[in-house]
Amino acid sequence: MAAYLCPPAVIHGKHAVRTSQIVDEVRGRHPNAAWAPRIDGIAASTGIENRGWMLPLEAAVAPGSGSGLPAAGIGPAREALAGDGFTEQDVDRVIAALEAIPAPQTVQERTAPAWSAVQSYGERAARGALQIAGLDAADVDCLITSHSTTPALPGLDVSLANRLPLRSDVLLLPATQWACIAGTRSLALAADLVAADPDRVVLVVIAEALSTTYQPADDTLESLIVRLLFADTAVAAVVTGRPRPESTLRLDTAWHHTLPGTQDLHRLETREDGTHFVMDRRGPRAVQETVTAMWEWLRLRNQDAPGSWHPDVLLAHPGGTRVLEYMEQTMPDDWPSGLLRYSRDSYTSGNRGGAAVFDIMRRAYDAGQKAGSRAVLYAAAPGLTATALEGEWL
């Protein structure tokens with residue numbers, strides 16, 4: 001398989017949003033929610049104090065530009081009020097009061113600014129990755145992109161092809177629905193592409209504005225957790241079929257796994273007021289099943305290795321602290337501790353979805369890794385599906 005990865009570029013959301021700000025906003029909006037008395041403990045349990053968003057918190061909680069009483073509903077409302085004995089003056093007063101109530105933002109009002117930011121951040125990450133690799137846009141033969149929370153057609157691939165700009169014959173491969181698995185699966189696809197043509201240069205760009213799933217009106221516990229978890233990030237990296245002076249990690253093999261019957265556990269739903277990330281409490285347990293399957297894959301792959309084989313670093317995006325803890329608990333006893341330190345470090349500033357593995361990888365790279373160190377990359381996503389890669393630091 002042998003694919004060579006240059007260090008990734010990582011662009012964090014520029015607007016710092018503190019957990020305390022989110023807690024204050026949610027508490028003020030939903031003071032009588034069943035979980036309201038426990039909100040401080042719930043927030044603390046995430047281990048996240050700050051996260052970066054592409055847009056400020058105010059943009060997520062602002063009312064829409066429309067009225068709480070749609071224009072099509074004024075006539076029927078007047079008729080109903082008049083039929084109940086209201087005077088014409090009373091009807092006018094009630095209608096005016098209803099029209100003064102601000103409507104929630106529409107899906108367009110929520111998504112359009114985020115989509116603009118995703119394109120801008122994606123371009124910055126792409127240019128950064130090319131600079132790190134010592135390449136120009138004209139050197140790119142294939143572009144793989146992902147952005148799950150800002151649906152658009154044409155998507156980020158076509159946007160970047162024009163912004164960078166890329167050659168007209170570049171192969172564009174958008175993967176909008178990869179979500180949290182975008183980091184590992186895009187690298188697996190890139191590795192297959194350069195295996196078929198070692199002279200091919202693949203640019204991977206993932207830009208996620210996960211803050212668009214912040215839905216102020218939702219009062220479920222799951223919605224509260226979504227508000228607290230997500231961060232916005234754009235990442236990019238260059239993958240080649242031959243080693244370059246800038247190459248830092250060789251990817252040797254990939255593994256894919258999908259759990260049947262789990263497609264409803266985590267999902268995105270597009271409603272009138274925007275994109276909602278729907279969580280199921282059974283989700284972490286299902287993700288744990290993919291972790292168990294990955295351990296078995298690694299065991300079989302390395303059963304003939306001399307001595308007690310183990311990775312020197314594990315770059316894992318499992319989605320939450322519960323699965324990180326499960327991974328540590330189920331590792332072979334003779335594996336060293338601290339394999340997930342960069343994953344934990346990344347998670348303290350938010351769940352980055354598909355961009356997470358690149359962010360974790362960048363942290364490991366910046367910390368310095370010895371040549372020959374073995375690395376395992378892992379991510380799980382709604383579906384439930386998982387992809388892992390094994391490679392070696394150069």
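Read on for an overview of the structure. Source: prediction; values computed, not measured.

1. Quick word on the overall build of the protein chain
(1) Moving on: Along the protein chain, the regular secondary structure elements total 13 helices and 14 strands.
(2) Moving on: For a compact globule of 394 residues, the expected C-alpha radius of gyration is about 21 Å, and the protein chain comes in at 24 Å, within 12% of that figure.
(3) Moving on: Along the three orthogonal principal directions, the C-alpha set of the protein chain runs to about 90 × 50 × 35 Å.
(4) Moving on: The buried share of the protein chain, taken over its 394 residues, is 54%.
(5) Moving on: Of the contacts made within the protein chain by residues no fewer than 6 positions apart, 81% connect residues no fewer than 24 positions apart.
(6) Moving on: Here the protein chain has roughly 17000 Å² of accessible surface; of this, 52% comes from carbon and sulfur atoms.
(7) Moving on: Between the centroid of the 34 positive side chains of the protein chain and the centroid of its 46 negative side chains there is a distance of 4 Å.

2. Here's the deal with the packing of helix α1 (residues 19-29) against helix α9 (residues 221-229)
(1) Moving on: α9 packs onto α1 with a crossing angle of 150° between their chain directions and a minimal axis gap of 9 Å. With respect to α9, the element α1 is oriented roughly antiparallel. Both α1 and α9 take part in a crossing whose hand is right-handed. Contacts between α1 and α9 involve T19, I22, V23 and V26 on the former and, on the latter, L224, R227 and L228.
(2) Moving on: Residue classes in the contact of α1 with α9 are distributed as five nonpolar, one polar and one charged.

3. Looking at the nonpolar core
(1) Moving on: With 38 residues, the main nonpolar core has I144, L187, V202, L315, M361, L377 and W393 as its most contacted residues.
(2) Moving on: With seven residues, helix α8 (residues 182-196) is the largest single contributor of residues to this core.
(3) Moving on: Setting aside residues no more than four positions away along its own chain, L377 makes contact with T184, L187, L249, L315, V357, M361, T387, A388 and L389.
(4) Moving on: If you look at the next biggest cluster of nonpolar residues, it comprises 32 residues, including Y121, A161, L164 and V205.

4. Notes on α9
(1) Moving on: Extensive coverage of α9 is indicated by the burial of seven of its nine residues.
(2) Moving on: Of all the residues in α9, the buried ones are L221, S223, L224, V226, R227, L228 and L229.
(3) Moving on: Those residues of α9 that are buried lie in contact with α1, α2 (39-45), β4 (50-53), β11 (274-279) and α12 (341-347).

5. Quick word on the packing of aromatic side chains
(1) Moving on: Inspection of the entire model under this criterion finds five aromatic pairs.
(2) Moving on: Taking the ring centre of Y121 as reference, the NZ or CZ of R124 above it sits at 5.3 Å.
(3) Moving on: When the ring centre of Y214 is taken as reference, the NZ or CZ atom of R227 above it lies at 5.3 Å.

6. A look at the packing of helix α6 (residues 107-133) against helix α7 (residues 156-163)
(1) Moving on: Where α6 contacts α7, the two axes come as close as 10 Å, and the packing angle between them is 55°. It follows that α6 is oblique to α7 by the angle criterion. Seen along the crossing, α6 lies across α7 with a hand that is right-handed. Here W115, V118, Q119, S120, G122, E123 and R127 of α6 come into contact with α7, specifically with L156, S159, L160 and R163.
(2) Moving on: Grouping the constituent residues of the contact of α6 with α7 by class yields four nonpolar, four polar and three charged.

7. Here's the deal with the side chain of T240
(1) Moving on: Mapped onto the elements, T240 comes out in strand β8 (residues 232-240).
(2) Moving on: In this structure T240 touches A3, Y4, V194, R200, V201 and S247, once residues within four positions along its chain are discounted.

8. Considering the environment of G391
(1) Moving on: The topology assignment puts G391 in strand β14 (residues 385-393).
(2) Moving on: The class of G391 is buried, set by a relative accessible area of 0%.
(3) Moving on: Separated by 335 residues in the primary sequence, G391 and P56 place their C-alpha atoms 38 Å from one another.
(4) Moving on: Those residues in contact with G391, other than ones at most four positions away along the chain, are L249, R250, L251, D252, S373, R374 and A375.

9. Let's talk about α1
(1) Moving on: Of all the positions in α1, only T19, I22, V23, E25 and V26 are classed as buried. The buried residues of α1 occupy an angular sector of 165° when the element is viewed end-on, so they sit on one face. For α1, the exposed residues set more than 90 degrees away from the buried face come down to D24 and G28.
(2) Moving on: Buried-residue contacts for α1 involve β3 (15-18), α2, β4, α3 (57-61) and α9.

Rules of the game
Residues numbered from 1 in each chain as written. Predicted model: local features only at pLDDT ≥ 70, side-chain atom pairs only at ≥ 80, totals over all residues. Heavy atoms only, no water. Helix = DSSP H or I, 4+ residues; strand = E, 2+ residues; numbered from the N terminus. Rg over C-alpha atoms; globule rule 2.2 N^0.38 Å. Buried < 20%, exposed > 50% of the residue type's maximum accessible area, 1.4 Å probe, protein only. Contact = heavy atoms within 4.5 Å. Areas by Shrake-Rupley, 256 points an atom, 1.4 Å probe, with all protein chains shown as cover. Lys, Arg positive; Asp, Glu negative; His and termini not counted. Charge placed at Lys NZ, Arg CZ, Asp CG, Glu CD. Axes fitted to C-alpha atoms, helices over the stretch in contact; angles between N-to-C directions. Parallel < 35°, antiparallel > 145°, perpendicular 65-115°, else oblique. Left-handed = near helix turned anticlockwise from the far one by under 90°. Nonpolar A, V, L, I, M, F, W, Y, C, P; charged D, E, K, R; others polar. Core = buried A, V, L, I, M, F, W, Y, C linked by side-chain atoms within 4.5 Å. Phe/Tyr/Trp six-rings, centres within 6.5 Å; stacked < 30°, edge-to-face > 60°. Lys NZ or Arg CZ within 6 Å of the ring centre and 35° of its normal. Arc of directions from axis to C-beta.

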